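# A look at the structure
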Amino acid sequence: MKDYDIKIKKAAEVTLYATDNDTIVVPSKVKFDTDRDQADIDIEGVEKALVGIPPMTSNVEVFIENAVMYLKGISFERLEIDAEGKIKIVADRIDGNIDINMLKGEAELIVPEGFVFTTRCEGKNNEIRCEIPTDPSAKNTIELNGKNSVLTIRN
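Quick look at the structure, then. What you see is a predicted model, and the numbers here were worked out from it, not measured in a lab. Residue positions within a chain follow its written sequence, with the count starting from 1. Since the coordinates come from a predicted model, pLDDT governs what is reported: local features require at least 70, and pairs of side-chain atoms require 80 or more to be given and counted, while whole-chain, interface and lining totals use all residues. Here the side-chain values reflect all heavy atoms present in the structure, with hydrogen atoms and water set aside.

### Let's talk about the state of the cysteines
Two cysteines, two sulfur atoms, one covalent bond between them: this is a disulfide. To be explicit about the condition: Our working definition of a disulfide is a cysteine sulfur pair at a distance within 2.5 Å. Working definition: with a 1.4 Å probe on protein chains only, accessible area under 20% of the residue-type maximum means buried, over 50% means exposed, and in between means partly exposed.
Inspection of the entire model under this criterion finds zero disulfides. Left unpaired, Cys121 is separated from the closest cysteine sulfur, that of Cys130, by 12 Å. Accessibility expressed as a relative area gives 30% for Cys130, which makes it partly exposed.

Structure follows, in structure tokens:
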């Protein structure tokens, strides 16, 4: 699989981590569909969602709402986080572009020491508050899209 579309509803805590043997790990209460190189994963009714995917992937799209999300050991071309409400993302050993899409939301992204990135703010009335230095020539881009939202980035 190269692409993952993961919808997680009503979970307060989400962990997306890299498996060590090219497997996919999901909670038992899940709707799981595959088609060619894509997996659609719908999770609802769990307070803590633990999802494992292969460590290197093309595209991952995740929907979360009012949750804390942990990213551990994953490399991706693009991680798109569609979020509602207030979210916190704690990243550890990641590599790739991150797009955060929100309407009237607040997001906090905690990146690991040494993570080199640049930022891009798109949409209407959005703001990125970056508390650490960025590198305009970095291959990793953190982008905020949507409307009336704020993204704070720190270590």
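Don't stop here, the text continues.
### Things to note about the pattern of salt bridges
Basically, it comes down to this: Whenever a carboxyl oxygen of Asp or Glu lies within 4 Å of a side-chain nitrogen of Lys or Arg, that contact is scored as a salt bridge. The secondary structure listing takes helices from DSSP runs of H or I that are at least 4 residues long and strands from runs of E that are at least 2 residues long, numbered from the N terminus.
Under the counting rule described, the total for this entry stands at seven salt bridges. A salt bridge links Arg93 to Asp92; the shortest N-O distance between them is 2.9 Å. Residue Glu143 pairs with Arg120 through a salt bridge whose shortest N-O separation is 2.6 Å. Residue Glu143 is located in strand β14 (residues 141-147), and its partner Arg120 is located in strand β12 (residues 118-121); the two are separated by 23 residues in the primary sequence.

### Some words on the nonpolar core
The criterion, for reference: For the purposes of this section, nonpolar cores are sets of buried Ala, Val, Leu, Ile, Met, Phe, Trp, Tyr and Cys residues that join through side-chain atoms within 4.5 Å. Whether two residues touch is decided by their heavy atoms; if any such pair falls within 4.5 Å, the residues are in contact.
Counting residues in hydrophobic clusters, the biggest one holds 41 residues, and the most contacted among them are Leu16, Ile64 and Ile81. If one sorts the elements of this core by residue count, strand β8 (residues 75-84) sits on top with four residues. For Leu16, the residues in contact, after removing those within four places along its chain, are Ile6, Val51, Ile53, Val60, Val62, Met69, Tyr70, Leu71, Lys72 and Ile74.

### Here's the deal with the packing of aromatic side chains
Spelled out, the test is: Pairing of aromatic side chains requires ring centres within 6.5 Å, counting the rings of Phe and Tyr and the six-membered ring of Trp. Pairs whose planes differ by under 30 degrees are stacked, by over 60 edge-to-face, and all others tilted. Whether a charge lies above a ring is judged from NZ of Lys or CZ of Arg, which has to be within 6 Å of the ring centre and within 35 degrees of the ring normal.
This structure, assessed with the given rule, holds one aromatic pair. On the numbers, 5.7 Å between centres and 25° between planes, the contact of Phe115 with Phe117 is stacked. Residue class for Phe115 comes out buried when judged on its relative accessible area of 10%. Across the ring face of Tyr70, the terminal group of Lys72 is positioned such that the distance to the ring centre comes to 5.8 Å.

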